[in-house]
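# Remarks on the overall topology
One letter stands for each residue in the lines below.
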Amino acid sequence: MKKVFASSRLPGDALSRLAQHCELDTWESDSPVPSAILRDRLQGCEGLLCLLTNRIDAELIAACPSLRIVSSMSVGVDHVDLDALTGRGIPLGNTPGVLVDTTADLALALMLAAARRVPEADRFVREGRWDPAAPWHPDMFVGRDLTGATLGIVGLGAIGQAIARRAAGFGMRLLGWNRSPRQVPGVQTLGFEELLAEADFLSVNVALTPDTHNLLGRDAIAGMKPGAVLVNTARGGIVDEQALAEALAEGRLFAAGVDVFSREPVEPDNPLLGLPNVVLAPHIGSASQRTRERMAALAVDNLIAALKGERMPQCVNPEVYASL
Ligand code: GLV
C-alpha cells in the first residue's frame, strides 16, 4: 500500500477516510513537526498532507525522492515552494471555497470590533475601571460607524467578494483593487493609491506572493486616509507591522484588526501588542468547526484523488496534469 504522512490530526472523519486508501503515518502532537523529523518520516512516502505551519521548501522536496503528492489543509500556499513541486510534476492541493464565508465573517468581526473598540471596552469593564462616578457620558468609548463609510477591499477574490456582500448589508460604499483587473457588481474598482486615499476601512485579502510581500508597506500606510481602520485576515508579510504600529500610535490611523502576522506566534516585542487600538487574533480566519471539517475533507479528497491517479478536485498547479 502507498505510504502517506499527515503532519497533523484533522477534524471530523477525514483521516479515517484517508487511511482506507494508504498506509497512514500521522504526527500526533499539536506542535508542528520539526523539519528534520518531517524529512525522516517522509522517506518512502508518496503523499504528504500538511498544514500552513509546515515549511515545504525546495530542500525538503529534494530530500524526499518518493514524494509525488502534496495536499495542504489551507487556501494559502505561501509555506510551499510551488516551483520546486511543479518542477518535479508533483500536484499541490489546497482548500479554497469552503473557508470563504467563515473568513469573511472574521474580517467583519474585526472591522466592527476595531471600529467600535469592543476589546478595549471589554477590558475596561473587566478591570473594574467603570467608574460609578461617571457611569455613562457622551464621549465614552466613541468609535466609528460602518454605515455610510467607504470600504476599500485589497484583493477581489472569493473572500474579498464575500466581504463586499456583507459590507453592502451594513450600508458601506464599496471600492476595490485587484492585481489583475476584475469587475465585481456593486464594487467600484480604483487604482491602488486612490483606494488607499479614499477608504475609511481597508480590508487586506490578497494571497502572499513575492508580488504582494510588503504591499501595505510604509509608503502605502502613509497614503491611507487619515483616521482609517485597517483589517488584515490574509497574511502577515503583506503589511509592514512596524509602520502600521507607528501610524496607530501616532493616531494617523484610528484602529486595526489583525489576524495574521509576519511571524506566528507573534514575538513578545511585536509593536502591535502594546497598542490599545488594535484587535488581535491568532490566525483564526477559517476557525469554525464546520469550516475546519470541510477543509480537512477537501484536503483528504485531494490526496485520495491523487493516490488513485486522478486529478485533485482543487489543485494549485494543474499544469502538472498536462499529460493526464
Ligand atoms: C489560512 O490562512 C489558510 O490559508 O487556509
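Not measured: the values here are computed from a predicted model. (Residues numbered from 1 in each chain as written. Predicted model: local features only at pLDDT ≥ 70, side-chain atom pairs only at ≥ 80, totals over all residues. Heavy atoms only, no water.)

### Things to note about unusual backbone geometry
Omega for the bond connecting E264 with P265 falls within 30 degrees of zero, at -5 degrees, which places this linkage in the cis form. Examined against the element boundaries, P265 turns out to sit in the loop between strand 11 (253-258) and strand 12 (278-280). (Helix = DSSP H or I, 4+ residues; strand = E, 2+ residues; numbered from the N terminus.)

### Overview of the site of the ligand
Contacts to the ligand come from L52, S74, V75, G76, L99, R235, H283 and M295. One of the backbone N or O atoms of V75 is found 2.8 Å from an oxygen atom in the ligand. Protein chains bury 90% of the 190 Å² of accessible surface belonging to the ligand in isolation. (Near = heavy atom within 4 Å. Polar contact = N/O pair within 3.5 Å; in protein donor to acceptor, adjacent residues only side chain to side chain. Areas by Shrake-Rupley, 256 points an atom, 1.4 Å probe, with all protein chains shown as cover.)

### Thoughts on the pattern of salt bridges
Across all of its chains, the model carries 18 salt bridges by this definition. Where D30 meets R9, a salt bridge forms, and the shortest distance between an N and an O atom there is 3.2 Å. A residue pair is termed long-range when its members are at least 10 positions apart, and D30 in the loop between strand 2 (23-26) and helix 2 (35-42) and R9 in the loop between strand 1 (3-6) and helix 1 (14-19) qualify at 21 residues. A relative accessible area of 42% places R9 in the partly exposed class. Its salt-bridge partner being R263, residue E267 comes within 3.3 Å of it at the nearest N-O pair. Look at the salt bridges and you will find they share partners, linking R9, E28 and D30 into a network. (Salt bridge = Lys/Arg side-chain N within 4 Å of Asp/Glu carboxyl O. Buried < 20%, exposed > 50% of the residue type's maximum accessible area, 1.4 Å probe, protein only.)

### Description of the domain arrangement of the protein chain
Along its sequence, the protein chain is carved into domain 1 (3-98 + 289-321) and domain 2 (100-280). Centre-to-centre separation of domain 1 and domain 2, based on C-alpha positions: 32 Å. Listed by partner, the interface residues are six residues for domain 1 and four residues for domain 2. In total, domain 1 and domain 2 occlude about 470 Å² of area from one another, counting both sides; carbon and sulfur atoms represent 44% of this. Its largest share of buried area at the contact with domain 2, domain 1 owes to D78, G97 and T291, together 65% of the area lost on that side. For R235, the salt bridge goes to D78, with nearest N and O atoms at 2.9 Å. Across the contact surface, domain 1 and domain 2 share three residue pairs in polar contact (both at pLDDT 80 or more). (Domains from an automatic or database assignment. Contact = heavy atoms within 4.5 Å. Buried area = accessible area lost by both parts, 1.4 Å probe.)

### Quick word on the pairing of strand 6 (residues 150-154)
Most of strand 6 sits out of view: five of its five residues are buried. Along strand 6, one buried face is formed by T150, G152 and V154 and the opposite face, lined by L151 and I153, is buried too. As paired strands, strand 6 and strand 7 (residues 173-177) are joined by five bridges and run parallel to one another. Following the sheet pairing, L151 is matched in strand 7 by L174. Handedness of the β-α-β unit built from strand 6, helix 7 (residues 158-169) and strand 7 comes out right-handed. Pairing between strand 6 and strand 9 (residues 201-204): four bridges, direction parallel. Its bridge partner lying in strand 9, L151 is registered against F201. (Pairing = 2+ DSSP bridges. Right-handed = clockwise from strand over helix to strand, strands pointing away.)

### A few points about the pairing of strand 4 (residues 69-72)
Remark: a regular strand shows side chains that alternate across the two faces of the sheet. The two faces of strand 4 match: I69 and S71 on one face and V70 and S72 on the other face are all buried. Sheet analysis places strand 3 (residues 47-50) next to strand 4, joined by four bridges and oriented parallel. The partner of L48 across the bridge, within strand 4, is V70. As judged from the two bridges shared by strand 4 and strand 5 (residues 92-93), these two strands associate in the parallel manner. Looking at the pairing, V70 lines up with L92 of strand 5. Taken together, strand 4, helix 4 (residues 82-87) and strand 5 form a β-α-β motif whose crossover is right-handed.

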